[in-house]
Amino acid sequence: MPITYTSGEQIEVYRFSMPVTVGVPFLALFLQSFVPRIFPGFAIYFDLPLLVTIFFAMARRNPISGLFTGAAIGLAQDMLGPYPIGIYGIAKTVVGYLASSLGAKLDVENAGARFLVTLGFYLVHAAVYFTVARGMVNLTLHWSWKYGILAGLANAVLGVGLYFVLDKFKQRT
Amino acid sequence: MESVLGRYRNLTILVGVLFLQALGLAVQVKRGAEAGNTRLIRIWAVDTITPFERALVWAQNGTGDLWHSYFFLRGVRAENRQLKEQIERMRLEQVRLSEDAEQAHRLQQLLAFKEQVIVKTVPAQVIGSSGTDLSRSIYIDKGSNGGIKPDMAVITAGGIVGKVWVAYPSTSLVLLINDQTSGVGVMLEKSRLQGVLKGTPDGAVNLERVMSDEKVEPGEAVLSSGGDQIFPKGMPVGTVTKVGPGREMFLKIEVKPAADLSRLEEVLVVTEKQERNAVVQSTGRVRAADILAARLPSVPDKPAAPAPAAGTTAGEATATAAGQVAKVGTKPQTPGASSGGPGSTSAARGVPGAGQPATGEVLKKVVQKTASGGSAANGGSGNAAGSTPASLPAKPAAARPKPATADSTPQPAASADNPH
């Protein structure tokens, strides 16, 4: 599972059709909202919109595209919740930017690399969310490494499977 | 400058986008999270997602109904649903009635006491959640078109669930009681201690604002107090599971919600409450002194003396006491005392003249006899004792048994002999 450093020429940049660009994030948001009705623990450990953000950002390898994808998905996620809009927006903007920047420099096509990258970005996302929610919105949150790593591992496992499915929608530029 | 921006173009855009979002967030926080201040953008987002959820739930239920109604057990499903609804209504009614019974004594002492009654509820189906691990909220399939408004209580037969946070046209966002921003006015069933129920970031529920010198036992039921003006008083909220020292002078009390908040399917939204005067049992007039006595600490009653006195009624005991006064003393000095029954009334009323002929010793006997004989009835001991202070050596009021009763003014309705 090595993360190999590759030159820009070696890394392929992908694009996606409009239905996939719109439909996949929408489906992720829908499932994130609906699945907890059947499996209550789902929302506690899994963040499908985050996984989709990471996938699109890493595949496109364009930081601007990545940050806007993250911002759009994050803001949409905020709109479905009771808290002020922008907490998830900021967190996913940062993740989208970092994921696309990383994707432009590293080959993260194999499962092992994706697992580690997803775990890392989950923690980054949680840290930014925690900071914004506490610092700006004054929500009472408690940081838990145990929970963060458990949820990160769960998302990483789910992410590896999800990326494998979403790879089918990639189009070479 | 341009070259710097061009060189760090990506970073500049990132900072710009983050700045805009932070600005928007700051504006929202500054305005405050008003439930009625629904932003159009939220409505769009919710209206985009919830129709699919509603369709999926409908399909899920339709498939289930088809199977259960026509292939599995025809008709039983519908009947079961009706019975469940009936049970829900009856449980609500039962809760209200049992709570009413608890309150009956207190209500008698309060004039024009108001109680809240659930008049109308709207059943709704849970179609989704906010989908985030930090906010505990659900979407239901009824909105402002169905008469739902923000801050309406959402309940199940098990207990309270939450309140309507935002009412969209066809759906509503319900903030659950275990969300960290929610707060419910509650009280403990036995001790009647009041506090605030708050959610925690990890989805647990704590009872706050209960002083550390209070005694709270695990297992005690928690009910809504009605103080938040959202949930009707007396609704089941949960059960105390753990009690420990908390911050500052307060206890840390963990509560298990009565309703299963993680598996909600159908809920009731309380769309109409009514405030009406409580029906007070007419058990006679109540003296201000009795109300005071109920609130003040008192010394426990002496154990009842054996034999005849134990069975006497209040009136008999008072009459006996008064009879002894008349017998031992020379002659009734008051017109009332000279006429048999009414004489007891004068003693009971504590008229100074009635006790004047008797010695302190005799009156002590009277008090003892009355206390033992009339202890079965509140009025008996109270009346006789009420006559003693005029002649007995003065005692501090707090040291007397039943202080308020002993110091009381005439009691009108307790004695059978009493013409009033």
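What follows covers the overall build of chain B. For chain B, the count of helices and strands is 12 helices and 12 strands. When burial is assessed residue by residue, chain B has 37% of its 420 residues classed as buried. Put simply, of all contacts in chain B between residues at least 6 apart along the chain, 63% involve residues at least 24 apart.

Moving on to the overall build of chain A. A tally of regular secondary structure across chain A gives 7 helices and 4 strands. Evaluated residue by residue, chain A yields a buried proportion of 49% over its 173 residues.

Moving on, we get to the interface of chain B and chain A. Across the boundary between the two partners, chain B contributes 38 residues, which contact 35 residues of chain A. Of all the elements in the fold, those that place two or more residues in the side of chain B that touches chain A are helix H2 (9-31), helix H3 (40-72), strand S1 (114-129) and strand S5 (172-176) of chain B. By residue number, the principal contributor to the side of chain B that touches chain A is H2(B), which donates 12 residues. By residue class, the composition of the side of chain B that touches chain A is 21 nonpolar, 13 polar and 4 charged.

This part takes up the packing of helix H4 (residues 63-79) of chain A against helix H5 (residues 87-105) of chain A. All names here are of chain A. For the pair H4 and H5, interaxial distance at closest approach is 7 Å and the crossing angle is 155°. Here H4 lies roughly antiparallel to H5, going by the angle between them. Crossing geometry of H4 relative to H5 is assigned as right-handed. Contact residues: H4 offers Pro 63, Ser 65, Gly 66, Leu 67, Thr 69, Gly 70, Ala 71, Ile 73, Gly 74, Leu 75, Gln 77 and Asp 78, while H5 offers Ile 87, Tyr 88, Gly 89, Ala 91, Lys 92, Thr 93, Val 95, Gly 96, Tyr 97, Ala 99, Ser 100 and Ser 101. When its residues are assigned to classes, the contact of H4 with H5 shows 11 nonpolar, 11 polar and 2 charged.

Okay, the sheet that holds strand S10 (residues 236-245) of chain B next. All names here are of chain B. Spatially, the 6 strands close up into a barrel ordered S6-S7-S8-S11-S10-S9, and their pairing is antiparallel. Geometrically, the sheet is characterised by an average inter-axis angle of 45° between neighbouring strands, direction not taken into account. Looking at chain direction, strand S6 (residues 183-188) and strand S9 (residues 221-224) are connected through 3 bridges and run antiparallel. Bridged to Val 186 within S9 is Ser 224.

As a further point, take the nonpolar core. Counting 108 residues, the largest nonpolar core has Ile160(B), Val161(B), Val174(B) and Val267(B) as its most contacted members. Residue contacts for Val267(B): discarding those within four places in its chain leaves Ala124(B), Val126(B), Ile140(B), Val154(B), Ile155(B), Thr156(B) and Val161(B).

Look at H5(A) against H2(B): their axes get within 9 Å of each other, and the N-to-C directions meet at 170°. The orientation of H5(A) relative to H2(B) falls into the category roughly antiparallel. Listed contacts from H2(B) to Ile87(A), Gly89(A), Ile90(A), Thr93(A) and Tyr97(A) of H5(A) are Leu14(B), Val17(B), Leu18(B), Gln21(B), Ala22(B) and Leu25(B). Tallied by class, residues from the contact of H5(A) with H2(B) come to 8 nonpolar, 3 polar and no charged.

A few words now on the pairing of strand S8 (residues 205-208) of chain B. Residue and element names in this part refer to chain B. Residues Val 205 and Leu 207 of S8 are buried on one face, while the alternating residues Asn 206 and Glu 208, pointing to the opposite face, are not. Note that strand S7 (residues 194-199) and S8 share 4 bridges and pair antiparallel. Bridge pairing in S8 places Lys 198 opposite Asn 206.

Here the focus is helix H6 (residues 111-135) of chain A. Compared with the 36 Å implied by 1.5 Å per residue over 25 residues, the 35 Å span of H6(A) between its first and last C-alpha is a close match. Buried residues along H6(A) sit against helix H3 (48-60), H5 and helix H7 (145-166) of chain A.

Here the focus is the environment of Glu102(B). In this fold, Glu102(B) is placed in helix H4 (residues 76-108). Placed 88 residues apart in sequence, Glu102(B) and Lys190(B) show a C-alpha to C-alpha distance of 9.6 Å.

Residue and element names in this part refer to chain B. Backbone geometry places Arg 192, a non-glycine residue, at a positive phi of 60°. As for its position among the elements, Arg 192 is in the loop between S6 and S7. Phi angles above zero are rare outside glycine, and Gln 229 is one such case at about 65°. Summarising the element assignment, Gln 229 is placed in the loop between S9 and S10.

The next thing to look at is the environment of Val132(A). Residues and elements named next belong to chain A. If you trace the backbone, Val 132 turns up in helix H6. With 44 residues separating them in the primary sequence, Val 132 and Tyr 88 have C-alpha atoms 9.0 Å apart. Contact partners of Val 132, with chain neighbours within four places excluded, come to Ile 87, Ile 90, Ala 91 and Val 137.

A few words on the pairing of S9(B). Note: S9(B) against S10(B), 3 bridges, orientation antiparallel. If you follow Val222(B) over to S10(B), its bridge partner there is Gly238(B).

What follows concerns the confidence of the model for chain A. Residue and element names in this part refer to chain A. Looking at chain A as a whole, the pLDDT averages 88, with 93% of positions reaching at least 70. Mean pLDDT values for the elements of chain A range from 46 in strand S1 (residues 4-5) up to 94 in H3. In the model, residues 1-8 has pLDDT below 50 throughout and makes 12 contacts with residues more than four positions away in sequence or in other chains.

To continue, consider H5(A). Because each turn of an α-helix spans 3.6 residues, side chains separated by three or four positions end up pointing in the same direction. Along its 19 residues, H5(A) runs 28 Å from first to last C-alpha, staying within 8% of the 27 Å computed at 1.5 Å per residue. When you tally the buried positions in H5(A), you get 17 out of 19 residues, the bulk of the element.

About the cut-offs
- Residues numbered from 1 in each chain as written.
- Chains lettered and ligands numbered in written order.
- Predicted model: local features only at pLDDT ≥ 70, side-chain atom pairs only at ≥ 80, totals over all residues.
- Helix = DSSP H or I, 4+ residues; strand = E, 2+ residues; numbered from the N terminus.
- Buried ≥ 20, exposed ≤ 12 C-beta atoms within 10 Å, placed from the backbone.
- Contact = placed C-beta atoms within 7 Å.
- Nonpolar A, V, L, I, M, F, W, Y, C, P; charged D, E, K, R; others polar.
- Axes fitted to C-alpha atoms, helices over the stretch in contact; angles between N-to-C directions.
- Parallel < 35°, antiparallel > 145°, perpendicular 65-115°, else oblique.
- Left-handed = near helix turned anticlockwise from the far one by under 90°.
- Pairing = 2+ DSSP bridges.
- Core = buried A, V, L, I, M, F, W, Y, C linked by C-beta atoms within 7 Å.
- Expected span 1.5 Å × (residues − 1).
- pLDDT = per-residue confidence, 0-100.

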